[in-house]
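Chain by chain, the residues run as shown.
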Amino acid sequence: MKIIVSNLFKQFKEIIFGFSTKIGPDSVPPFFFNLSLTVGDDPEKVKQNREYFFNRLGLSTSQIAFQRQVHSDIIKFVEKPGLLGESDALITRYYGIGLAISAADCTPIFIYDKENKIIAGVHSGWKGTQKRILKKVLSNLSFHFKSKPKNLYVFLGPSISQENYEVGKDVALLFDQKYLLFKDGRIYLDVPLANFDMLLTHGIPPENIEMSRLCTFKEKVLLHSYRRDGNNSGRMFGVIALKEK
């Protein structure tokens, strides 16, 4: 199977990280290698896919913390694996727990505090970005764990690029002009850049940030995209974990 890794996180031997793709065992249409139980795929096949992916990372399903993503700004502190209910960001200081972020266009963001050994995963589509969920996660890290910006390392995973993300005027009005492209009477929104700027505003050094250049919409063979495939789109998982000592 094909797993996307972060070059930034490779320097930290205590970190487990991987981002799944459409490519895996028995990857047949319409859902291909799908990790979501909510898109209409065969539940048993999804469970097998999950276990296969987690095993490739050195983890098992029983070690993963899942959330039901609802495009909110709800943040949960994770003390044990399992299904944690509705939220769009997870934070933990516990070793051996993988934080799973589901994606198929929205921006998935993964954070590591190398000093305090804290990890976080964030799901930020336009709604989460407008609600500044990433900024709130960073504020929580600062308040609860005294995380310093210079010690934070961040990977922004594959998401839909601005050129493929058309939005209506109602959505465009919620964002600064910097993140909008007006072309041929249409409006396009740059969600990854808005999140990238939140990291810079928080004081995180640019060299501590890695942004994937892969567009979920354009990478038809490699990545799932809800905007492109609609109800036939599967979901990918990004998982970050602290290795058990």
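Residues numbered from 1 in each chain as written. Predicted model: local features only at pLDDT ≥ 70, side-chain atom pairs only at ≥ 80, totals over all residues. Heavy atoms only, no water.

Caption draft 1: Representation of the packing of helix α3 (residues 133–145) against helix α5 (residues 191–202). Close contact between α3 and α5 brings their axes to 9 Å; oriented N to C, the two are set at 30°. One way to sum up the angle between α3 and α5 is to call them roughly parallel. Like other packed secondary-structure pairs, α3 and α5 cross with a definite hand, here right-handed. For the pair α3 and α5, the contacting residues are Leu134, Lys135 and Leu138 in the first and Asn195, Met198, Leu199 and His202 in the second. (Axes fitted to C-alpha atoms, helices over the stretch in contact; angles between N-to-C directions. Helix = DSSP H or I, 4+ residues; strand = E, 2+ residues; numbered from the N terminus. Parallel < 35°, antiparallel > 145°, perpendicular 65-115°, else oblique. Left-handed = near helix turned anticlockwise from the far one by under 90°. Contact = heavy atoms within 4.5 Å.)

Caption draft 2: A look at the nonpolar core. Ranked by size, the top nonpolar core spans 24 residues in total, and within it Phe9, Ile15, Phe17, Leu99, Phe110 and Ile240 carry the most contacts. Taken together, the elements giving at least two residues each to this core come down to β1 (15–19), β6 (98–103), β7 (107–113), β9 (152–156) and β14 (236–242). Apart from residues no more than four positions distant in its own chain, Ile240 is found in contact with Phe9, Ile15, Ile16, Phe17, Ile97, Gly98, Leu99, Phe110, Ile111, Ile119 and Ala120. Listed in part, the 23 residues of the second largest apolar core include Ile109, Val154, Phe196 and Ile209. (Core = buried A, V, L, I, M, F, W, Y, C linked by side-chain atoms within 4.5 Å. Buried < 20%, exposed > 50% of the residue type's maximum accessible area, 1.4 Å probe, protein only.)

Caption draft 3: Inspection of the packing of aromatic side chains at higher detail. In total, this model carries eleven aromatic pairs according to the counting rule given. A centroid spacing of 5.4 Å and a plane angle of 75° characterise the contact between Phe17 and Phe155, whose relative ring orientation is edge-to-face. With Phe17 in strand β1 and Phe155 in strand β9, this pair connects stretches of sequence that are 138 residues apart. The buried category is assigned to Phe17, whose relative accessible area is 11%. Residue classification places Phe155 among the buried positions, given a relative accessible area of 2%. Residues Phe54 and Phe66 carry aromatic rings whose centres are separated by 6.1 Å and whose planes lie at 55° to one another, so their mutual orientation is tilted. A residue pair is termed long-range when its members are at least 10 positions apart, and Phe54 in helix α1 (residues 43–56) and Phe66 in strand β2 (residues 64–68) qualify at twelve residues. Looking at Phe66, the relative accessible area reads 11%, which means it is buried. One Lys or Arg, Lys22, reaches over the ring of Phe32 and ends 4.3 Å from the middle of that ring. We note Lys146 situated over the ring of Phe143; from NZ or CZ to the ring centre the distance is 5.9 Å. (Phe/Tyr/Trp six-rings, centres within 6.5 Å; stacked < 30°, edge-to-face > 60°. Lys NZ or Arg CZ within 6 Å of the ring centre and 35° of its normal.)

Caption draft 4: Highlighting the state of the cysteines. Enumeration over the complete set of coordinates arrives at zero disulfides. For the unlinked cysteine Cys106, the closest cysteine sulfur is that of Cys215, found at 13 Å. (Disulfide = S-S within 2.5 Å.)

Caption draft 5: Highlighting the sheet that holds strand β12 (residues 186–189). In spatial order, the strands read β10-β12-β11; together these three strands make up an open sheet with antiparallel pairing. A strand with exactly one partner marks an edge of an open sheet, and here the two such strands are β10 (166–167) and β11 (180–183). Direction of pairing for β10 relative to β12: antiparallel, over a ladder of two bridges. By the bridge assignment, Glu166 is partnered in β12 with Tyr188. (Pairing = 2+ DSSP bridges.)

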